[in-house]
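Below are the chains, spelled out letter by letter.
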Amino acid sequence: MQTLADETLTGLLDGPRARGAFLLRSILSEPWSMRIEDRAPLSLVTLVRGSAWIMPDGGEPVPLSVGEIAILRGPTPYTISDKPGTPVQVIISPGQICTTVDGRGIGDAKSLGVRTWGDNSTGETVMLSGTYQMQREIGQRLFGALPQVLVRPIEAGDSALVQLLETEMGKTDPGQELVLDRILDLVLVSVLRAWLAAPGQGAPAWYRAQHDPVVGAALRMLHNEPARPWTVAGLATASGVSRAALARRFTALVGEPPMNYLTSLRLALAADLLREQDATIGSVARKVGYGSSFALSTAFKRVRGMSPQEYLRQAAENAGVVENMAAVG
């Protein structure tokens, strides 16, 4: 039976699915060092053989070994190399444009086959990397809680997923991108689920609160029916406690009052829905619990500092930059 925590995690991960994710198998000979400046919202890295160090800007070096997987939260740049101190040889920019340190394009010079890159096929290190090109708003609450670099051991039951990912990366069958996207999603969910479940690993307060019988029930109702005209009193009644008790307990465990949480949830849903084809502010407003386009626009402006129209223009510009750079590369 699916637990409450699993239900809410599923809801948060339903939006940020990979779509045309960039996947690469790198075969590297020591010494090697790559500077990643692609501004990707989320990347996964794992090793088939060898070892590596991840150096996030402003953070301590983090080792990565075979049997581990790293989640890197963007857009902050980082360097990954055979060991700390190795001079950077390659810079990867937005659109996965790959150049030398002095700006010369590498192009196909290091291609070793389908989605495979490197100096030669006998390098000491084989690394798999997957980069999410776009992150949906509904996942921000979860991904914003991640450290910049999260390294976790690959669970015994998940090693087959990583092996499958490596195998599928070398194929060019019809629909291969979709297959790779879904495998990457499964790997991501598995790592996040293990991190959230591990004691003392920094799981966010709102996730831990789901195990509380009162606040957990309230969170489930808000996620299941975000458009319902909730009030603190109505939510308290449905949760079986007094209004004051729910407000106090919810704020203490989640870190914000229930109606603030609901507003953030609704606006995240609205932001994703607005980007869908043929969506209107009025139709989205009704789906997320606002009575009119004016009410949604007012809330959007108050909380996010921009109108829905401004948000869409910004999102379109960002998407255009990524597409243009990818085309150039």
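Residues numbered from 1 in each chain as written. Predicted model: local features only at pLDDT ≥ 70, side-chain atom pairs only at ≥ 80, totals over all residues. Heavy atoms only, no water.

Peer 1: Could you clarify how one ought to interpret the environment of L296 in this entry?
Peer 2: Looking at where L296 falls in the secondary structure, it is placed in helix α11 (residues 293-304). Along the sequence, L296 and A285 sit eleven residues apart, while their C-alpha atoms lie 5.6 Å from each other. With residues near it in sequence (within four places) discarded, L296 still touches L267, A270, I281, V284, A285 and Y290. (Helix = DSSP H or I, 4+ residues; strand = E, 2+ residues; numbered from the N terminus. Contact = heavy atoms within 4.5 Å.)

Peer 1: Just to check I follow, could you spell out the sheet that holds strand β13 (residues 149-153) for this structure?
Peer 2: Strand-to-strand pairing in sheets goes through backbone hydrogen bonds, with the strands running parallel or antiparallel. Read from one edge to the other, the open sheet built from seven strands follows the order β10-β11-β1-β12-β3-β6-β13, with strand pairing classed as mixed. The open sheet has two edge strands, β10 (111-113) and β13, and neither has a second partner. Strand-to-strand twist of the sheet, defined as the mean angle between neighbouring strand axes without regard to direction, takes the value 25°. Sheet topology note: the strand β1 (residues 22-28)/strand β12 (residues 125-132) ladder contains seven bridges and is antiparallel. Opposite L24, over in β12, you have S129 as the bridge partner. Packing against the sheet, helix α3 (residues 159-169) makes contact with β1, β3 (42-49) and β12, and its axis sits at approximately 90° to β1. The sheet strands contacting helix α4 (residues 176-197) are β1, β3, β6 (68-73), β12 and β13, and the helix crosses β6 at an angle near 95°. (Pairing = 2+ DSSP bridges. Axes fitted to C-alpha atoms, helices over the stretch in contact; angles between N-to-C directions.)

Peer 1: Could you clarify how one ought to interpret the pattern of salt bridges in this entry?
Peer 2: A side chain of one charge can pair with a side chain of the opposite charge when the charged atoms of the two come close. Summed over all chains, the structure comprises ten salt bridges. For E37, the salt bridge is made with R35, and the minimal N-O distance between the two is 3.0 Å. Given the relative accessible area of 17%, R35 is considered buried. A salt bridge links D57 to R35; its shortest N-O distance comes to 2.7 Å. With a gap of 22 residues between them, D57 in the loop between β4 (51-56) and β5 (62-65) and R35 in strand β2 (residues 33-36) connect regions that are remote in the sequence. Three or more residues are tied together by salt bridges with common partners; here these are R35, E37 and D57. (Salt bridge = Lys/Arg side-chain N within 4 Å of Asp/Glu carboxyl O. Buried < 20%, exposed > 50% of the residue type's maximum accessible area, 1.4 Å probe, protein only.)

Peer 1: What's the story with the confidence of the model for the chain in this structure? I'm lost.
Peer 2: Fine structural detail should not be taken from predicted coordinates in areas where pLDDT scores are low. When the pLDDT values of the chain are averaged, the result is 84; 87% of them are 70 or greater. Low confidence marks residues 1-5, where pLDDT is under 50. Its contacts with residues over four positions away, or in another chain, come to nine contacts. (pLDDT = per-residue confidence, 0-100.)

Peer 1: What am I meant to see in unusual backbone geometry here?
Peer 2: Keep in mind that most residues, glycine aside, have a negative phi and that most peptide bonds are trans. Geometrically, the link from E30 to P31 is a cis peptide bond, its omega value of -5° lying close to zero. Omega for the peptide link from G74 to P75 comes to 10°, which places this bond in the cis form. Following the sequence through the fold, P75 ends up in the loop between β6 and β7 (78-81). Despite not being glycine, R115 has its phi angle at roughly 50°, a positive value.

Peer 1: For this particular structure, what's the right way to read helix α7 (residues 232-239)?
Peer 2: One full turn of an α-helix is made of 3.6 residues, so residues set three or four places apart face in the same direction. By the burial criterion, the buried members of α7 are V232, L235, A236 and S239. One side of α7 carries all its buried residues, which in axial view fall inside an arc of 100°. Looking at the buried side of α7, the elements it contacts are α6 (213-224), α8 (243-254) and α9 (258-274). Looking one or two places after α7, you find G240, whose phi comes out positive at around 80°. (Arc of directions from axis to C-beta.)

Peer 1: I tried to follow the nonpolar core on my own but got confused; where do I start?
Peer 2: The tendency in soluble globular proteins is for nonpolar side chains to be buried as a group. With 43 residues, the main nonpolar core has L44, I71, L146, L188, F250 and V254 as its most contacted residues. Per-element accounting of this core gives the leading share, nine residues, to α4. Setting aside chain neighbours within four positions, we find L44 in contact with I69, A70, I71, L128, S129, G130, Y132, L184, V187 and L188. The next biggest cluster of nonpolar side chains, apart from the first, holds 21 residues, and it includes M34, V45, I106 and V149. (Core = buried A, V, L, I, M, F, W, Y, C linked by side-chain atoms within 4.5 Å.)

Peer 1: Explanation requested: α11 in the structure shown.
Peer 2: In this model, α11 (twelve residues) spans 16 Å end to end at C-alpha, consistent with the 16 Å of a helix rising 1.5 Å per residue. Inspection of α11 places L296, S297, A299 and F300 among the buried residues, and these make up the whole buried set. Along the axis of α11, the buried positions cluster into a sector of 165°, meaning they face one direction only. Exposed side chains of α11 directed beyond 90 degrees from the buried face belong to F294 and R302. Phi turns positive, to about 75°, at G305, one or two residues after α11. (Expected span 1.5 Å × (residues − 1).)

Peer 1: Even after reading the chapter, I still don't get the sheet that holds β2, so can you show me in this structure?
Peer 2: Strand order across the open sheet formed by six strands is β5-β4-β7-β2-β8-β9, with mixed pairing between neighbours. Edge positions in the open sheet fall to β5 and β9 (97-100), since each of these has one partner strand only. Each strand of the sheet is rotated relative to its neighbour by a mean of 25°, with strand direction disregarded. Pairing of β2 with β7, which is carried by four bridges, proceeds in the antiparallel orientation.

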